[in-house]
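# A closer look at the structure
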Amino acid sequence: MEGSSAVNATREPGAGSHRSVLVPSLMALGAGVVWSLGALFARLADRADAWQYLLWRSLGILIVIELLVRRRQGRLGNTVRSGIRDAYTSGWTMITASACLAVASIGFIYALKHTTAANAAFLASLAPLIVAVLARVVLGERINAVTVVALALGFCGLAFMVNGDLGVGNMTGNLAAVVTAFGFAGYAVCVRSAPTLDWSPALPGSSSMAIPIVAAVCLAQGNSFLPPATDIALALVHGGGIIVVGMLTFNAATRHLPAVASIVFAQTETVFVPVWIYLWFAERPKNTTLIGGAIILGAVVGKALIDAQLAKTRRAAPALALRGRQDA
């Protein structure tokens, strides 16, 4: 979702795969929990609208990345400015990826402000399934039977959730959550199209794209750039703390995890978003939301697990065939 889709593509463990994956697994799970706190912060900032909140959250991301890069470099050389420049000069794939992240970020915060947190989280988690469709259209990747079933289940879950919200006034928020899923999926397809490219400029690049957009909307609506100080602080911590810290933790974990594990562990963000909102605001998801969300999560996780098993079987087949010929 919001954080887990905004990181570099994961890769299968190589020579170090014999190392214990317990700590990386816990780190990946913990990153999802950290990211899920962002929904709580967005809801707590109840006097800032989605656009004001996004403005300061994006600034928080840029500020912390700037500080981290300067500390790592030990000088004023490669700061966030060069990261933004790289996002715009690394070709259309990087620009498109940054734009997709910006759209996804805007959509998710808007969804949190205009529908239930559970709807925002579950609908945005459709991203891994949408990736399969976009990868077919853009990259020509084939869609197998497992993907077809997962897509059917995922969109059944979406229909179940949306049908339960008809007439409730949450439809704009639900639509924004679906747009979020398409944004994250677009980013993932860009990463898949060039897996060896350094995708680190995408996050500052997306924030730099989001800032003028949300600032223009604030001006068009006649809103100030300065919501109450408490809401500004929540937005800054969300961007600079929750998103960046979660991203660094998740990236470190995925260096030692298979891609399927990363996909599954990332779903902790989806699960915990409605939990925090329920504990703090007593916002109980409707039964249709829980059932539809369970269907979507089941489709995403089930597809990841089955695809991993099929890939393992395909890798083992040549070795088994060779062993059979040797035995003969």
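Here, every reference points to the structure presented above.
Per chain, residues are indexed from 1 in the order of the written sequence. Only residues with pLDDT of at least 70 get local features here, since the model is predicted, and only at 80 or more are side-chain atom pairs given and counted; chain-wide, interface and lining totals rely on the full set of residues. Note that water and hydrogens are dropped before the side-chain values are worked out from all heavy atoms of the structure.

## What about the nonpolar core?
Where a protein is soluble and globular, its nonpolar side chains tend to be buried together. The nonpolar core is taken to be a set of buried Ala, Val, Leu, Ile, Met, Phe, Trp, Tyr and Cys residues, with the residues joined through side-chain atoms within 4.5 Å. We call a residue buried when its accessible area falls under 20% of the maximum for its residue type, exposed when it is over 50%, and partly exposed in between, using a 1.4 Å probe and counting protein chains only. By size, the foremost hydrophobic cluster in this structure holds 87 residues, and its most contacted members are Tyr53, Leu112, Leu123, Leu126 and Tyr187. Helix numbers and strand numbers start at the N terminus; a helix is a DSSP run of H or I with at least 4 residues, a strand a run of E with at least 2. The element best represented in this core is helix H4 (residues 92–114), accounting for 12 residues. For Leu123, the residues in contact, after removing those within four places along its chain, are Leu158, Met161, Asn174, Ala177, Val178, Ala181 and Ile296. Throughout, a contact is declared for two residues whenever any of their heavy atoms are within 4.5 Å.

## Quick notes on the packing of aromatic side chains
Two rings from Phe, Tyr or Trp (for Trp, the six-membered ring) form a pair when their centres are within 6.5 Å of each other. A pair whose planes differ by under 30 degrees is stacked, one over 60 is edge-to-face, and the rest are tilted. Following the criterion strictly, the structure yields 4 aromatic pairs and no others. Judged by centre distance (5.3 Å) and plane angle (50 degrees), the ring pair of Trp35 and Phe250 falls under tilted. In this pair, Trp35 sits in helix H1 (residues 22–44) while Phe250 sits in helix H10 (residues 229–254), placing the two residues 215 residues apart along the sequence. No difference in accessibility class separates Trp35 from Phe250, as the two residues are buried. Ring geometry for Tyr187 against Trp199: centres 6.3 Å apart, planes inclined by 80 degrees, an arrangement best described as edge-to-face. Residue Tyr187 is located in helix H8 (residues 171–193), and its partner Trp199 is located in the loop between H8 and helix H9 (202–220); the two are separated by 12 residues in the primary sequence. For the pair Tyr187 and Trp199, a shared accessibility class is recorded, and that class is buried. Taking NZ or CZ as reference, Lys113 lies 5.4 Å from the ring centre of Tyr53, over its face. Our definition puts a charge over a ring when NZ of Lys or CZ of Arg is within 6 Å of the ring centre and also within 35 degrees of the ring normal.

## Some thoughts on H10
Given a helix with a known number of residues, its expected span is that number minus one, times 1.5 Å. Between the first and last C-alpha of H10 there are 36 Å, a value that for 26 residues agrees with the 38 Å anticipated at 1.5 Å per step. Most pronounced at His238, the bend in H10 amounts to some 35 degrees. Bend angle per residue: angle between axes fitted to the 7 residues ending at that residue and the 7 residues starting there.

## Re the pattern of salt bridges
The rule for a salt bridge is simple: a side-chain nitrogen of Lys or Arg has to be within 4 Å of a carboxyl oxygen of Asp or Glu. According to the stated counting rule, one finds 2 salt bridges in the structure shown. For Arg43, the salt bridge is made with Glu283, and the minimal N-O distance between the two is 2.8 Å. Here the residue Arg43 occupies a position in helix H1, and Glu283 occupies one in the loop between helix H11 (259–281) and helix H12 (287–327), the gap between them amounting to 240 residues. For Arg43, a relative accessible area of 17% corresponds to the buried category. Residue class for Glu283 comes out partly exposed when judged on its relative accessible area of 23%. Arg192 is the partner of Glu141 in a salt bridge, and the nearest nitrogen-oxygen pair spans 2.9 Å. Linking Glu141 in the loop between helix H6 (127–139) and helix H7 (145–164) with Arg192 in helix H8, this pair joins segments that are 51 residues apart in sequence. Classification of Glu141 as partly exposed rests on a relative accessible area of 29%. In this structure Arg192 comes out as partly exposed when scored by relative accessible area, which is 41%.

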